[in-house]
Amino acid sequence: MTENRGWKHSDDPDTAITARGMRAMAHPVRMQLVGLLRKHGPSTATKLAARLGLNSGATSYHLRQLAAAGFVEEDPERGNARERWWRSAQRLTVWTWDDMADEETDTAVGFLRSVLAAHTLTGQRTLDAFETMPREWRRVTDLSDLVLQLSPAEAERLSGELSEVLGRYRRIDVDRPAPEGTEQVSVIVHVLPDPSTTVTEGETACTEGESAGAEGETAHTEGETAHTEGETSCTEGEST
């Protein structure tokens, strides 16, 4: 099940995803379907299948699974006896590590792999169309990365500050016409602790030191857990 909850990227109530929801979304096709419905509004299985290069039967199956998990719903205003129309049930899907039990980490990782694959696909689609983009959009396309030296608290604060900046800008609204001169722009935020430099949970870093006595003493430094304490947003757009 899911529950309504606010999120740091928005003041609107959104859906906090549970382990059950993660298992339902841990499939690249389902991630893309939800993204398409959130970016472009209600659609049918046939139209969505054409966009993804799938058959309508497989697409209908995934939509039904997403509906059972609460991520999409039928649109009664558009549907008819011949074909169902589907819409996203929420604007956003959010989650935090605080909602996950230790034994559910593998579920979260499976879900996040689908999110990452969707983010990669978004970047690939932009680059595939890059040569034909208007010059002003080519100029603002940005793929940047920076390695910082942070504590977990600083990384969490960084995520919050980035969220505040994003909150100043216009969100997409598929129910209203887009303002003239605007296009949908994907902003993807990753805060990734480096596993080659972070100490994993349960390990300690030891440094040998000499004492004033005959026998040397060993100085122990408590290892810091290498996990993301901050919150992560998944999908609004086509990450899919």
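Just so you know, these numbers come straight off a predicted model, no measurement behind them.

A. The arrangement of the overall build of the protein in detail. Secondary structure assignment for the protein yields seven helices and nine strands. Evaluated residue by residue, the protein yields a buried proportion of 27% over its 240 residues. Of the contacts formed within the protein by residues at least 6 apart in sequence, a portion of 63% connects residues at least 24 apart. Surface exposure of the protein reaches about 16,100 Å², of which carbon and sulfur atoms provide 48%.

B. How the structure looks around the confidence of the model for the protein. On average, residues of the protein carry a pLDDT of 78, and 72% of them reach 70 or more. This stretch, residues 1–13, has a pLDDT under 50; its non-local contacts, to residues over four places away or in other chains, come to 35 contacts. Within the model, pLDDT remains below 50 along residues 204–240, and this stretch shows 84 contacts once partners closer than five positions in the same chain are excluded.

C. Seen up close, the side chain of Ser114. For Ser114, the position within the fold is in helix α5 (residues 105–128). For Ser114, a relative accessible area of 7% corresponds to the buried category. Those residues within four positions of Ser114 in sequence are excluded, and the remaining contacts are Met25, Ala26, His27, Pro28 and Met31.

D. Structural detail: a nonpolar patch on the surface. Residues Leu162, Val185, Val187 and Val189 make up a contiguous nonpolar surface patch of about 320 Å² in total accessible area. The topology assignment puts Leu162 in helix α7 (residues 152–166). For Leu162, a relative accessible area of 35% translates into the label partly exposed.

E. Expanded view of α5. Between its first and last C-alpha, α5 extends 34 Å over 24 residues, near the 34 Å set by a 1.5 Å rise per residue. Here α5 has its buried residues at Thr107, Ala108, Phe111, Ser114, Val115, Ala118, His119 and Thr122.

F. Representation of the nonpolar core in the model. Core analysis: the largest hydrophobic core is formed by 24 residues, its most contacted members being Ile17, Met25, Leu33, Leu63, Leu66, Phe71 and Phe111. Elements with a contribution of two residues or more to this core: α1 (19–25), α2 (28–40), α3 (45–52), α4 (56–68) and α5. For this core, the element with the most residues is α2, which contributes six residues.

G. Structural view of the packing of α2 against α5. Where α2 contacts α5, the axes come no closer than 9 Å and their chain directions differ by 60°. In terms of orientation, α2 and α5 fall into the oblique class. For the pair α2 and α5, the sense of crossing is right-handed. Together, Pro28, Met31 and Gln32 of α2 and Phe111, Ser114, Val115, Ala118, Leu121 and Arg125 of α5 make up the contact between the two elements. Within the contact of α2 with α5, the residues separate by chemical class into six nonpolar, two polar and one charged.

Definitions and cut-offs
- Residues numbered from 1 in each chain as written.
- Predicted model: local features only at pLDDT ≥ 70, side-chain atom pairs only at ≥ 80, totals over all residues.
- Heavy atoms only, no water.
- Helix = DSSP H or I, 4+ residues; strand = E, 2+ residues; numbered from the N terminus.
- Buried < 20%, exposed > 50% of the residue type's maximum accessible area, 1.4 Å probe, protein only.
- Contact = heavy atoms within 4.5 Å.
- Areas by Shrake-Rupley, 256 points an atom, 1.4 Å probe, with all protein chains shown as cover.
- pLDDT = per-residue confidence, 0-100.
- Patch = residues over 30% accessible without salt bridge, like charges linked within 9 Å, V, L, I, M, F, W, Y side chains within 5 Å.
- Salt bridge = Lys/Arg side-chain N within 4 Å of Asp/Glu carboxyl O.
- Expected span 1.5 Å × (residues − 1).
- Core = buried A, V, L, I, M, F, W, Y, C linked by side-chain atoms within 4.5 Å.
- Axes fitted to C-alpha atoms, helices over the stretch in contact; angles between N-to-C directions.
- Parallel < 35°, antiparallel > 145°, perpendicular 65-115°, else oblique.
- Left-handed = near helix turned anticlockwise from the far one by under 90°.
- Nonpolar A, V, L, I, M, F, W, Y, C, P; charged D, E, K, R; others polar.

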